[in-house]
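# Observations on chain architecture
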Amino acid sequence: MSKTLNNQTVEWKALPWRKLEVRVFKLQKRIFKAKERGDVKAVRKLQKTLFEGNSFGFRPGRSAHDAVDAIFKNVSLKAKYVLDADISQCFDRIDHKALLNKLNTFPTLRKQIKAWLKSGVMDKGVFSDTKEGTPQGGVISPLLANIALHGFEEFITSFYTITKGIVSTTGRKSTRRVKPALVRYADDFVILHESEEFITLLRQKADEWLKDMGLELKPSKTRNATPLRGSTS
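Computed from a predicted model, the values in this text were never measured in an experiment.

Our focus in this paragraph is the packing of helix H5 (residues 96-103) against helix H6 (residues 107-117). Relative to each other, H5 and H6 sit at 155°, their axes nearing to 11 Å. In terms of axis orientation, H5 runs roughly antiparallel to H6. Between H5 and H6 the crossing geometry is right-handed. Where H5 abuts H6, its residues His96, Leu99, Leu100, Asn101 and Leu103 lie against Arg110, Ile113, Lys114 and Leu117. In the contact of H5 with H6, the residues fall into five nonpolar, two polar and two charged.

Have a look at this one:
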């Protein structure tokens, strides 16, 4: 399987992985340092270069506190309606085929990951098949979960409200577009927007996107909250 790099078609195995790893690590350090010194503009610019901007779980230099801070910044100037959501049994139900297709990696690594996913688990001496999901506590389960949910933020923020209604990015132009914000930590996330009606629509859209990965929202832990407003006091 090949990929395009600098307008050239190359094999995955031919890519300079060590150099790419070093480059990614340097970008991560630059983001962390920019965050420490409060350079929000630099953080956003670097994040666009590297990972989804509002994914905070299982990532170096990020924590639950960063997720809380991102939520606060979204509501500090104007109250927002909130969809407080939880993905039902996320680690246990990720669709293996969909995950492997999303990885889109070279055959040898794909085969290795597939074997690991299908290897089963032992719990108190009892063996169980693993036909779906990634074992919680597995060494690469957090990474695979983030890969499975990669693109979710981009999908949700592709929708926006306009003065005359609700359309997607392919709709007619408007002088006023208000996009939602999504902040995710592992399999928990919130969606924030000024319109309660729009939040309800995005709940439906989120469920539709998750189904492609074999996932769904957990009704008992997913709710539309009242407008949230941060306080500077």
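Topologically, threonine 222 is positioned in the loop between helix H9 (196-211) and strand S10 (223-228). Judged by its relative accessible area of 6%, threonine 222 falls in the buried class. In terms of polar contacts, threonine 222 uses its side chain to reach the backbone carbonyl oxygen of lysine 218, at 2.8 Å. Look past the residues within four positions of threonine 222 in its chain and what remains in contact with it is Leu83, Asp84, Ala85, Asp86, Arg203 and Leu217.

What counts and what doesn't
What you see as residue numbers is a count from 1 along each chain, following the sequence as written. Restriction of local features to residues with pLDDT of at least 70 applies here, the model being predicted, together with a cutoff of 80 or more for giving and counting side-chain atom pairs; totals for whole chains, interfaces and linings are based on all residues. Values reported for side chains reflect all heavy atoms of the structure, with hydrogen atoms and water molecules removed beforehand. Throughout, an axis means a line fitted to C-alpha atoms (over the contacting stretch in the case of helices), and angles, computed between N-to-C directions, take values from 0 to 180 degrees. Segments assigned H or I by DSSP are reported as helices when at least four residues long, segments assigned E as strands when at least two residues long, and all are numbered from the N terminus. Relative orientations are named as follows: roughly parallel for angles under 35 degrees, roughly antiparallel for angles over 145 degrees, roughly perpendicular for angles from 65 to 115 degrees, and oblique for any other angle. The crossing is said to be left-handed when, going from far helix to near helix, the turn is anticlockwise and less than a right angle, and right-handed when the turn is clockwise. Whether two residues are in contact is decided by their heavy atoms: any pair within 4.5 Å suffices. Each residue receives one of three labels: charged for Asp, Glu, Lys and Arg, nonpolar for Ala, Val, Leu, Ile, Met, Phe, Trp, Tyr, Cys and Pro, and polar for the others, Gly being one of them. Partly exposed describes any residue whose relative accessible area lies between the buried limit of under 20% and the exposed limit of over 50%, with all areas from a 1.4 Å probe on protein chains only and scaled to the type maximum. By the criterion applied in these results, polar contacts are pairs of N or O atoms within 3.5 Å in which, for protein atoms, one can donate a hydrogen and the other can accept it, and in which residues neighboring in sequence qualify only through two side-chain atoms.

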